6 protein chains.
Amino acid sequence: MQHEIKSFIACDADFDEARAVIFGAPFDSTTSFRPGTRFGPAAIRNESFGIETYSPYQDKDLTDIKVFDSGDLELRFGSPVSALDDIQAHTKEILDAGKLPVMLGGEHLVTLGAFRAVTEKYGTDVHIIQFDAHTDLREDYLGEPLSHACVIRRCHDIVGDGHIWQFGIRSGERYEFEFAREHGHIYPTGLEGVRFDAVDDCVKALAGKKVYLTIDLDVLDPSVFPGTGTPEAGGATFNQLLSAIMKIGSLDIVGMDINELSPHYDHSGASTAMACKILRELLLAVLG
Amino acid sequence: MQHEIKSFIACDADFDEARAVIFGAPFDSTTSFRPGTRFGPAAIRNESFGIETYSPYQDKDLTDIKVFDSGDLELRFGSPVSALDDIQAHTKEILDAGKLPVMLGGEHLVTLGAFRAVTEKYGTDVHIIQFDAHTDLREDYLGEPLSHACVIRRCHDIVGDGHIWQFGIRSGERYEFEFAREHGHIYPTGLEGVRFDAVDDCVKALAGKKVYLTIDLDVLDPSVFPGTGTPEAGGATFNQLLSAIMKIGSLDIVGMDINELSPHYDHSGASTAMACKILRELLLAVLG
Amino acid sequence: MQHEIKSFIACDADFDEARAVIFGAPFDSTTSFRPGTRFGPAAIRNESFGIETYSPYQDKDLTDIKVFDSGDLELRFGSPVSALDDIQAHTKEILDAGKLPVMLGGEHLVTLGAFRAVTEKYGTDVHIIQFDAHTDLREDYLGEPLSHACVIRRCHDIVGDGHIWQFGIRSGERYEFEFAREHGHIYPTGLEGVRFDAVDDCVKALAGKKVYLTIDLDVLDPSVFPGTGTPEAGGATFNQLLSAIMKIGSLDIVGMDINELSPHYDHSGASTAMACKILRELLLAVLG
Amino acid sequence: MQHEIKSFIACDADFDEARAVIFGAPFDSTTSFRPGTRFGPAAIRNESFGIETYSPYQDKDLTDIKVFDSGDLELRFGSPVSALDDIQAHTKEILDAGKLPVMLGGEHLVTLGAFRAVTEKYGTDVHIIQFDAHTDLREDYLGEPLSHACVIRRCHDIVGDGHIWQFGIRSGERYEFEFAREHGHIYPTGLEGVRFDAVDDCVKALAGKKVYLTIDLDVLDPSVFPGTGTPEAGGATFNQLLSAIMKIGSLDIVGMDINELSPHYDHSGASTAMACKILRELLLAVLG
Amino acid sequence: MQHEIKSFIACDADFDEARAVIFGAPFDSTTSFRPGTRFGPAAIRNESFGIETYSPYQDKDLTDIKVFDSGDLELRFGSPVSALDDIQAHTKEILDAGKLPVMLGGEHLVTLGAFRAVTEKYGTDVHIIQFDAHTDLREDYLGEPLSHACVIRRCHDIVGDGHIWQFGIRSGERYEFEFAREHGHIYPTGLEGVRFDAVDDCVKALAGKKVYLTIDLDVLDPSVFPGTGTPEAGGATFNQLLSAIMKIGSLDIVGMDINELSPHYDHSGASTAMACKILRELLLAVLG
Amino acid sequence: MQHEIKSFIACDADFDEARAVIFGAPFDSTTSFRPGTRFGPAAIRNESFGIETYSPYQDKDLTDIKVFDSGDLELRFGSPVSALDDIQAHTKEILDAGKLPVMLGGEHLVTLGAFRAVTEKYGTDVHIIQFDAHTDLREDYLGEPLSHACVIRRCHDIVGDGHIWQFGIRSGERYEFEFAREHGHIYPTGLEGVRFDAVDDCVKALAGKKVYLTIDLDVLDPSVFPGTGTPEAGGATFNQLLSAIMKIGSLDIVGMDINELSPHYDHSGASTAMACKILRELLLAVLG
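All figures in this text were calculated on a predicted structure; none of them were measured in a lab.

Visitor: With reference to specific residues and values, describe the overall build of chain A.
Guide: Within chain A one finds 8 helices and 11 strands. Here chain A has a C-alpha radius of gyration of 17 Å; the compact-globule value for 288 residues is 19 Å, and the two agree. Along the longest, intermediate and shortest principal axes, the C-alpha atoms of chain A span 60 × 40 × 40 Å. Here the analysis covers contacts within chain A between residues at least 6 apart in sequence; of these, 78% occur between residues at least 24 apart.

Visitor: Report on the packing of helix H2 (residues 80-96) of chain F against helix H3 (residues 110-122) of chain F, specifying residues and quantitative values.
Guide: All names here are of chain F. H3 packs onto H2 with a crossing angle of 40 degrees between their chain directions and a minimal axis gap of 8 Å. Taken together, the axes of H2 and H3 are oblique relative to one another. Handedness of the crossing formed by H2 with H3: right-handed. On H3, the residues touching Leu84, Asp85, Ile87, Gln88, Thr91, Lys92, Leu95 and Asp96 of H2 are Val110, Leu112, Gly113, Ala114, Arg116, Ala117, Val118, Glu120, Lys121 and Tyr122. In the contact of H2 with H3, the residues fall into 9 nonpolar, 3 polar and 6 charged.

Visitor: Can you tell me about the sheet that holds strand E5 (residues 67-72) of chain D, naming the residues and giving the values?
Guide: Residues and elements named next belong to chain D. Spatially, E5-E2-E6-E11-E10-E7-E8-E9 is the arrangement adopted by the 8 strands of the open sheet, whose pairing is parallel. Only two strands of the sheet have a single partner each, and these edge strands are E5 and strand E9 (185-187). If you compare each strand with its neighbour and ignore which way they point, the axes differ by 15 degrees on average. In this sheet, strand E6 (residues 100-105) lies alongside strand E2 (residues 20-25) in parallel orientation, the contact comprising 6 bridges. Along E6, the bridge assignment pairs glycine 24 with leucine 104. This element, helix H8 (residues 270-287), spans E2, E5, E6, strand E10 (210-216) and strand E11 (252-259) of the sheet and lies at about 175 degrees to E11.

Visitor: Explain the packing of aromatic side chains to me, using residue names and the numbers behind them.
Guide: A complete count under the given rule lists 48 aromatic pairs over all chains for this structure. When the centroid spacing of 4.9 Å and the interplanar angle of 10 degrees are considered together, the rings of A:Phe167 and A:Tyr187 count as stacked. Taken together, the positions of A:Phe167 in strand E8 (residues 164-167) and A:Tyr187 in strand E9 (residues 185-187) put the pair 20 residues apart, joining distant regions of the chain. Overall, the relative accessible area of 23% leaves A:Tyr187 in the partly exposed class. Considering the side-chain rings of B:Phe15 and B:Phe68, the 5.3 Å spacing of their centres and the 80 degrees angle between planes classify their relative orientation as edge-to-face.

Visitor: Tell me about the environment of C:Gly113, and name the residues and values.
Guide: Residues and elements named next belong to chain C. Mapped onto the elements of the fold, glycine 113 is located in helix H3 (residues 110-122). Distance in space between the C-alpha atoms of glycine 113 and histidine 163 is 17 Å, their sequence separation being 50 residues. Glycine 113 has contacts with Leu84, Ile87 and Gln88, leaving out every residue within four places of it along the chain.

Visitor: Tell me what's going on with the interface of chain F and chain E, and back it up with residues and numbers.
Guide: Listed as interface residues are 25 residues of chain F and, on the opposing side, 25 residues of chain E. Summed over both sides, the interface of chain F with chain E buries roughly 2000 Å², with 57% coming from carbon and sulfur. Taken together, the links from chain F to chain E amount to 4 salt bridges. Note that E:Lys277 is salt-bridged to F:Glu232, the shortest N-O span being 2.7 Å. For the pair chain F and chain E, the number of links is 5 residue pairs in polar contact (both at pLDDT 80 or more). Split by residue class, the side of chain F that touches chain E holds 8 nonpolar, 9 polar and 8 charged.

Visitor: Describe unusual backbone geometry, and please don't skip the residues or the numbers.
Guide: Here the amide bond leading from B:Gly105 into B:Gly106 is cis, since omega sits at 10 degrees, within 30 degrees of zero. Tracing the chain through its elements places B:Gly106 in the loop between strand E6 (100-105) and helix H3 (110-122). Of note, B:Asp59 is a non-glycine position whose phi angle comes to about 50 degrees, a positive value. At F:Asp136, a position not held by glycine, the phi torsion is positive, near 55 degrees.

Visitor: Tell me about the packing of helix H7 (residues 238-248) of chain C against helix H8 (residues 270-287) of chain C, and please be specific about residues and values.
Guide: Residues and elements named next belong to chain C. Relative to each other, H7 and H8 sit at 20 degrees, their axes nearing to 9 Å. Considering their axes alone, H7 and H8 lie roughly parallel with respect to each other. Considering the relative orientation of H7 and H8, their crossing is right-handed. Residue-level inspection shows Phe238, Leu241, Leu242, Ile245 and Met246 of H7 in contact with H8, the latter providing Met274, Lys277, Ile278, Glu281, Leu282 and Ala285.

Visitor: So what's going on with the relation of the copies chain F and chain E? Residues and values would help.
Guide: Note on the identical chains: chain F maps onto chain E by a rotation of 120 degrees and an axial translation of 0.0 Å, with an RMSD of 0.0 Å. These values place the two chain copies in the arrangement generated by a three-fold rotation axis. Distance from the rotation axis, computed per C-alpha, reaches its smallest value in chain F at F:Ser223: 2.9 Å. Comparing contact sets, just 8% of the residues at the interface of chain F also lie at the interface in chain E, consistent with a heterologous contact between different surfaces.

Visitor: I'd like to hear about the relation of the copies chain A and chain F, residue by residue, with values.
Guide: When chain A is brought onto chain F, the operation consists of a screw motion whose angular component is 180 degrees and whose axial shift is 0.0 Å, with 0.0 Å RMSD remaining. Accordingly, the operation relating the two chain copies is best matched by a two-fold axis. Of the residues that chain A buries at the interface, 100% are likewise interface residues in chain F, meaning the two copies contact each other through the same surface.

Visitor: Account for empty space enclosed by the protein, naming residues and giving values.
Guide: Its volume calculated, the largest cavity comes out at about 390 Å³. Together, 34 residues line the largest cavity, and E:Pro226, E:Asp266, E:Ser268, F:Pro226 and F:Asp266 are the ones closest to its centre. Broken down by element, the lining of the largest cavity gets its largest block of residues, 3 residues, from helix H8 (residues 270-287) of chain E. A breakdown of the residues in the lining of the largest cavity according to their chemical character gives 20 nonpolar, 9 polar and 5 charged. Taken as a whole, the second largest cavity encloses approximately 320 Å³ of empty space. What lines the second largest cavity is a set of 25 residues, and nearest its centre among them are A:Asp266, B:Pro226, B:Asp266, C:Pro226 and C:Asp266. Residues of the lining of the second largest cavity, tallied by class, amount to 13 nonpolar, 9 polar and 3 charged.

Visitor: Outline the interface of chain A and chain F, supporting the account with residue identities and numerical values.
Guide: With 25 residues of chain A at the interface, the matching set in chain F holds 25 residues. Around 1900 Å² of area is buried between chain A and chain F when both sides are counted, 54% of it from carbon and sulfur atoms. Between the two partners, chain A and chain F, sit 2 salt bridges. Between F:Glu144 and A:Arg76 there is a salt bridge whose closest N-O contact spans 3.8 Å. Counting across the interface, chain A meets chain F through 12 residue pairs in polar contact (both at pLDDT 80 or more). The residue makeup of the side of chain A that touches chain F, split by class, is 9 nonpolar, 10 polar and 6 charged.

Visitor: Describe the sheet that holds strand E8 (residues 164-167) of chain E, naming the residues involved and giving the relevant values.
Guide: Residues and elements named next belong to chain E. One open sheet accounts for 8 strands, arranged E5-E2-E6-E11-E10-E7-E8-E9; its pairing is parallel. A single partner strand is all that each edge strand has here, and the edge strands are strand E5 (67-72) and strand E9 (185-187). Averaged over all adjacent pairs, the angle separating strand axes in this sheet is 15 degrees, with direction ignored. Running at roughly 175 degrees to strand E11 (residues 252-259), H8 makes contact with strand E2 (20-25), E5, strand E6 (100-105), strand E10 (210-216) and E11 of the sheet.

Visitor: Which residues make up the arrangement of the chains, and what are the values?
Guide: Separated in space, chain C and chain E share no contact, their closest pair of C-alpha atoms being 11 Å apart. Across all C-alpha pairs, the smallest distance from chain B to chain F is 11 Å, and the two are not in contact.

Visitor: Break down the pattern of salt bridges for me, with residues and values.
Guide: Following the criterion strictly, the structure yields 120 salt bridges over all chains and no others. D:Arg45 serves as the salt-bridge partner of D:Asp72, at 2.8 Å between the closest nitrogen and oxygen. Remark: D:Arg45 occurs in helix H1 (residues 40-47) and D:Asp72 occurs in strand E5; sequence separation between them is 27 residues. Across the pair D:Glu139 and D:Arg153 runs a salt bridge, and its minimum N-O distance is 2.8 Å. One end of the pair, D:Glu139, is in the loop between strand E7 (126-131) and helix H4 (151-159); the other, D:Arg153, is in helix H4, and 14 residues separate them in sequence. The exposure class assigned to D:Arg153 is buried, which follows from its relative accessible area of 12%. The network of salt bridges with shared partners includes A:Glu52, B:Arg138, B:Glu173 and B:Glu176.

Criteria and thresholds
Positions within a chain are numbered from 1, following the residues in the order the chain's sequence is written. Ligands are numbered from 1 and chains lettered from A, in the order in which they are written. In keeping with the model being predicted, local features are shown solely for residues with a pLDDT of at least 70 and side-chain atom pairs are shown and tallied solely at 80 or more, while totals for entire chains, interfaces and linings include all residues. With hydrogens and water excluded, all non-hydrogen atoms of the structure serve as input to the side-chain values. By the criteria applied, helices consist of DSSP H or I runs no shorter than four residues and strands consist of E runs no shorter than two, each listed in order from the N terminus. We compute the radius of gyration from the C-alpha atoms alone; for a globule the expected value is 2.2 Å times N to the 0.38, where N is the number of residues. Note on contacts: a residue pair is in contact if any heavy atoms of the two residues lie within 4.5 Å. Every axis corresponds to a line fitted to the C-alpha atoms, with the helix fit spanning only the stretch in contact, and the corresponding angles, defined between N-to-C directions, vary from 0 to 180 degrees. In what follows, roughly perpendicular refers to angles from 65 to 115 degrees, roughly parallel to angles under 35, roughly antiparallel to angles over 145, and oblique to any angle outside these ranges. Two helices that cross are described as forming a left-handed crossing if the nearer one is turned anticlockwise from the farther one by less than a right angle, and a right-handed crossing if clockwise. Three residue categories are used. Nonpolar comprises Ala, Val, Leu, Ile, Met, Phe, Trp, Tyr, Cys and Pro, charged comprises Asp, Glu, Lys and Arg, and polar comprises the others, including Gly. Strands pair, by our definition, only if DSSP identifies at least two bridges between them. Pairing of aromatic side chains here covers Phe, Tyr and the six-membered ring of Trp, requires ring centres within 6.5 Å, and sorts the geometry by plane angle: under 30 degrees stacked, over 60 edge-to-face, intermediate tilted. Throughout, exposure labels follow a simple rule: accessible area from a 1.4 Å probe, protein chains only, divided by the maximum for the residue type, with under 20% read as buried, over 50% as exposed, and the rest as partly exposed. Summed over both partners, buried area is the accessible surface (1.4 Å probe) that two parts give up on being assembled. The term salt bridge refers to a pairing of a side-chain nitrogen on Lys or Arg with a carboxyl oxygen on Asp or Glu at a separation within 4 Å. Here a polar contact is recorded for every N or O atom pair within 3.5 Å, except that within protein the pair must consist of a potential hydrogen donor and a potential acceptor, and residues adjacent in sequence are included only if both atoms are side-chain atoms. The superposition of copies rests on a least-squares fit of C-alpha positions from residues with pLDDT of 70 or more in both. Here a cavity denotes a set of grid points, spaced 1 Å apart and computed over the protein atoms alone, in which a 1.4 Å probe fits but from which it cannot get out, and a pocket denotes an open set meeting protein on both sides within 12 Å along at least five of seven lines; residues with an atom within 4 Å of a point are reported as lining. Grid points are joined across faces, edges and corners, and a volume is the space filled by probe spheres set on the points.

Interpretation note: all reported values are geometric properties and have no functional meaning in isolation.
Now the structure itself:
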């Protein structure tokens with residue numbers, strides 16, 4: 001008899017043969033409104049057997065690619081500094097083995113840990129494509145610079161102007177929007193709703209560049225993704241996000257994450273099922 | 001004093017005068033993910049008093065048509081064979097009385113029982129129009145041929161090639177999609193979302209034919225219908241499904257069902273209210 | 001040390017300097033299906049700290065306008081007559097101080113109390129713009145004329161023909177729709193979904209007129225607003241309602257309300273967050 | 001084919017042969033905290049098929065007694081006066097046919113309607129045995145004398161001193177407790193918890209008297225009955241209430257009710273299952 | 001990097017060194033009321049990290065014993081015959097390796113599969129100690145002999161009279177109680193509540209005998225265990241069950257199971273936490 | 001018009017006249033299992049209007065004592081150090097004004113902040129009476145010394161041996177129980193359940209001493225208090241805790257807190273109602 005392995009559906013390859021490594025970063029200590037994203041990665045794995053491995057959208061199948069799932073990191077609640085250190089170290093280990101890190105949050109702050117490892121390896125000319133409802137560009141939050149509300153600002157501290165590409169944004173303070181316009185590329189959501197047309201321009205501009213992709217799942221409309229800490233009306237549909245992902249899949253992705261699933265806030269399970277489907281499509285778009 | 005009757009709103013006609021007969025098939029033993037559809041029919045009846053009998057879309061009223069509601073069948077849990085037999089027998093009784101059977105699932109497998117009775121009466125040149133997120137075309141599921149995941153395949157066993165018309169499909173194994181393309185008519189969901197344009201062609205092609213209509217409510221997007229066992233992102237809106245139903249209402253419908261409402265998974269009650277409204281529009285489109 | 005004040009986010013101005021006054025009308029005694037809207041106003045205040053004060057849609061900020069929040073009225077459950085009297089008196093007090101009343105329901109019946117005060121002050125040539133899923137034009141409901149299902153009919157009793165403008169309506173009895181067409185302006189929802197194009201015509205027609213704006217939040221689709229007593233499929237998106245609000249903000253609004261949030265029916269909190277965001281946009285559109 | 005009958009389990013006797021008549025009084029308009037008891041009677045009927053008809057406690061079976069279930073009254077929300085009138089009329093009809101009225105609330109106010117009919121028939125020397133967490137002895141509530149918080153005070157208005165027997169009480173204003181001690185019999189809950197010992201004395205004292213039994217289910221501890229509007233810690237266990245019911249069953253009961261189940265507040269369904277079991281035991285104790 | 005192992009807390013021993021083997025039997029197809037126990041075993045594993053490995057009651061620690069967790073069986077929904085065969089085969093494999101099988105249900109029917117394997121190995125002089133709210137002694141349920149409601153009757157078919165010891169029973173048909181008294185040992189629950197005093201006698205009587213222990217968790221009161229398909233008032237407290245388990249732990253246990261956790265029906269998670277704690281105490285009592 | 005004040009029921013005294021000051025410490029960043037206690041203080045205030053101000057247990061009324069509620073502190077999520085500093089400073093301010101601090105958590109770690117201020121003022125001969133399911137005596141948790149699981153250990157760091165009195169404990173690591181027995185007074189929960197008899201000895205021993213009282217509400221059984229992060233079976237009843245509180249009320253209490261209500265995990269609201277009632281009784285026992 002064998003121990004049963006805990007992995008995302010069909011991501012049970014041997015480490016050596018795997019091209020990508022999934023891991024969970026169950027951290028939510030800086031969440032400012034409703035915590036619970038620590039349960040996100042486990043929920044995604046547990047519920048993933050409810051979806052198929054085959055994508056009719058891409059005509060690709062997870063059983064045809066090799067992915068290893070290393071499970072969840074054990075992070076120190078209440079200590080963003082040590083949590084980010086642990087995430088960075090784990091990401092570095094994956095990168096050093098020549099594999100693609102695929103992180104499951106947790107709150108959005110965890111992106112900083114993985115991004116540090118990526119820029120440590122590839123230098124600071126890495127671009128970030130961010131799907132999100134919120135700018136996450138605060139200088140600090142109630143005095144705390146290591147907060148989910150500041151994570152992209154901290155990434156900007158590393159890579160500087162022109163490297164941040166933001167889609168789906170529809171919430172933030174006025175000065176954050178100003179910062180975004182001055183120092184990065186922002187395509188905010190307007191009266192007509194989320195528009196991802198500019199993804200085409202972005203993909204063209206980033207051809208040949210290293211790209212880190214971070215998807216805060218609250219970029220989706222609360223109707224299709226209520227299970228998150230800060231539901232923000234007026235978001236993207238599944239099909240909009242799927243199309244964008246398929247385009248971005250052609251770029252040179254050196255790291256990626258999806259985050260901010262807080263499964264206990266959606267008893268219907270539809271949010272977790274959505275996260276599973278997005279992860280399947282993401283893996284297939286980048287690796288398939 | 002009278003006993004209170006348990007019926008869908010305004011469907012309390014005498015049996016003899018009724019043109020259609022509603023009945024519940026509360027069976028969910030083969031459900032592969034989350035069970036609970038056994039509570040669907042009762043929920044639809046109980047909550048139906050929360051909607052109006054009048055449809056402003058069709059300018060028709062349930063109080064103007066005659067429908068009898070025979071309540072729920074008592075089916076043997078854990079025994080698909082006997083459950084399907086009981087459904088078939090009840091459907092036959094309705095058909096023999098010259099009335100239209102309108103079944104409320106239950107999991108999708110129940111369609112097979114009703115469809116057998118329909119083909120028993122009308123022969124095997126009956127067409128199935130299926131609205132669904134899933135192909136349901138597996139040869140078997142974990143070795144079991146009588147599973148909700150195989151129900152349309154079992155119907156195909158009876159009527160053969162060219163008789164299955166599938167709309168809204170966005171999940172299945174690769175071989176199921178291949179089977180659908182080779183042996184039936186499938187209009188799968190793509191990046192642009194669910195498209196029901198081809199319903200027009202279907203309606204034209206089936207003029208004068210006998211048609212069985214089966215609506216797995218998970219064809220709807222989980223945002224408007226989270227209360228189901230396997231929520232599948234990227235589905236239809238209410239208005240899309242309504243338009244399709246109104247077109248199909250002109251065909252020679254010889255049996256129909258709606259299924260896969262699992263009310264306990266949506267505490268808001270919106271899923272049950274949706275099922276009630278779909279049933280109202282369906283009855284009015286076909287009988288009104 | 002100070003007592004903490006209970007107010008909608010950033011609406012903590014002094015009464016004297018305030019241009020508008022928010023108050024809650026937590027009444028739901030005539031609700032015919034699922035009660036619970038009495039908890040709406042408190043939920044909106046409590047959860048409002050989860051949204052930003054800045055609107056990227058309008059590029060305006062709540063911190064730049066002066067609003068006073070007088071908290072919730074204490075209304076007598078089971079007594080529509082006295083509840084409406086209390087609402088009317090409170091609204092009158094606000095109007096007499098030269099400020100704009102902004103009421104948070106409660107069930108839709110509460111609109112009648114505020115509207116009476118408005119017409120008491122401004123006369124009966126006040127127009128009502130109503131966003132709603134339901135006509136609310138019944139003569140009575142089970143014999144009761146003071147019911148949420150009759151509230152607009154009662155307003156019509158005051159202002160007469162041509163003063164009611166209804167958007168998003170998709171439910172009612174046949175005679176209510178006929179009444180609406182004969183005595184007011186109705187733009188019902190059809191197969192293509194909610195359409196608010198006619199808001200432009202309405203805004204043009206009402207230039208220079210006194211306008212009372214009432215938003216029954218069930219005008220929104222249940223997917224984005226499940227937390228309400230009578231979820232009605234086929235409703236508006238957030239962006240549709242937002243656009244309409246921004247247009248109407250240019251009119252001479254003399255009173256307004258949002259109502260029918262029943263927070264306990266949406267455990268995800270997305271419905272309450274939606275109500276908060278709508279209220280923010282409404283305040284900014286009218287006062288910003 | 002037959003219409004399916006809506007009744008509590010095994011309570012489908014013909015009216016003429018029945019010794020008791022169950023009916024629902026789905027009214028909750030004066031509820032001061034959380035409404036929803038209007039859904040109580042329907043929930044009890046729907047879920048009653050989840051319990052057995054046989055009681056091992058009493059070694060009696062519901063199939064051995066004759067009970068008729070007349071369904072739910074259609075009461076006017078927002079109008080306590082007319083609701084009570086309708087309840088009184090229906091109870092009178094049952095009494096006039098020589099049968100025992102068994103009412104399912106609804107909020108506790110509904111007891112007044114049934115009690116009026118009982119005293120109309122039997123005169124004012126009828127005693128009330130009340131199980132409840134709350135005294136319900138207010139003179140008025142926010143000025144309203146017809147409130148759930150005043151219902152026993154209104155009954156006292158009819159029958160006067162010495163006719164009210166209160167068990168399980170643990171909440172109220174100071175003056176209500178004083179009133180209870182002066183004008184009736186109260187056995188309040190103390191530090192040692194609910195004690196029903198005095199039920200023996202009560203039963204002895206009331207031998208040969210007409211008795212109306214009203215059970216506000218919030219007399220039970222919230223741990224075993226969370227599904228109610230005002231959960232009040234420190235209540236009775238099931239076994240305590242069961243023992244009391246079995247003793248009281250020997251008295252000359254001329255009317256009875258159970259009330260205050262608010263099923264939507266307990267998603268586990270345990271509260272509704274409890275109400276079903278209490279009703280079964282009550283029917284068996286009085287009629288078996 | 002290693003794959004993460006899915007196991008109950010601290011039950012990650014190597015197979016060879018393990019004295020006991022845990023496995024899940026996620027089957028619920030014959031459930032007659034509310035299904036969902038298929039999610040029980042996974043919930044127990046996932047949530048087990050929320051409890052400590054140390055028991056202050058027994059002063060023992062899970063880290064001091066060797067247990068292997070083989071994960072969940074993949075059972076065929078809708079097919080009790082093949083599900084029981086698979087359970088029997090897996091149990092046999094564990095027994096053949098000289099280890100103790102510890103099964104996590106699933107509905108109670110799964111006990112039959114494990115019990116068959118146990119009697120296959122040890123002969124038919126094996127005694128069953130059953131903790132349960134229900135007799136489970138029906139001859140058949142709606143004609144189906146392989147139902148959760150018949151499971152102990154099926155076990156009796158194998159071992160005959162005098163081998164069934166039932167504690168906590170408080171629901172069933174009259175004839176089931178009669179059968180229990182005639183053919184086994186039953187200690188039903190009375191007005192004074194659940195009493196497990198007779199466990200002492202039972203333990204004395206079974207000294208030296210082979211014993212199979214089956215705990216239907218609905219033996220617990222719904223207040224402490226609402227997350228089950230058929231909550232039955234008047235059950236055991238945690239401390240009562242714990243005491244009984246510690247006594248029984250001294251017997252020669254040759255197989256055991258806990259079953260009927262339906263986690264989705266208790267959003268608080270307390271039911272799952274209870275199941276985890278019972279399993280910890282059970283393992284420590286028998287193996288520690 | 002006045003702004004509405006946010007306070008616990010009847011705790012709206014002027015600061016100067018108040019004898020005690022309530023404040024919220026909505027912090028949960030170190031929670032190791034399920035976060036959400038940050039919503040505890042607000043829930044307690046919001047729902048407190050659902051209980052009476054009068055206690056029949058103590059025959060005292062909140063309206064007869066003077067308490068000020070200063071609202072919630074704004075604490076920095078993810079930063080235990082600064083959160084504790086802010087709590088300490090606020091507590092100091094209350095103590096300096098000669099009033100009793102009454103803190104509402106938040107996770108249990110917050111106790112450390114208040115306790116520091118108390119010992120700063122009164123020296124280190126202050127005793128702690130702790131009601132809790134967990135020892136909270138870890139040296140560190142995953143390397144973090146400022147964790148909810150270590151809070152009493154940190155208090156012991158300040159006051160040393162013999163000053164910690166622990167009741168209701170039933171979970172912890174083995175070494176924590178050993179530490180408790182060696183360095184403090186522990187009355188753990190055994191097979192007979194929680195026993196608070198020793199409270200009498202404790203009260204006798206502490207006569208004339210300064211006492212800080214901390215109540216982790218998970219000392220209560222999950223049946224009566226499921227709304228907490230780590231529900232632990234086998235806890236206290238309401239009446240047990242109430243009796244203990246009334247005895248302790250006679251001591252020289254110099255600070256107190258209740259903590260660990262996580263309201264989102266109990267949709268019935270019973271846990272929040274329990275917390276409100278405990279707070280009422282606590283205030284009356286100490287100040288009444």
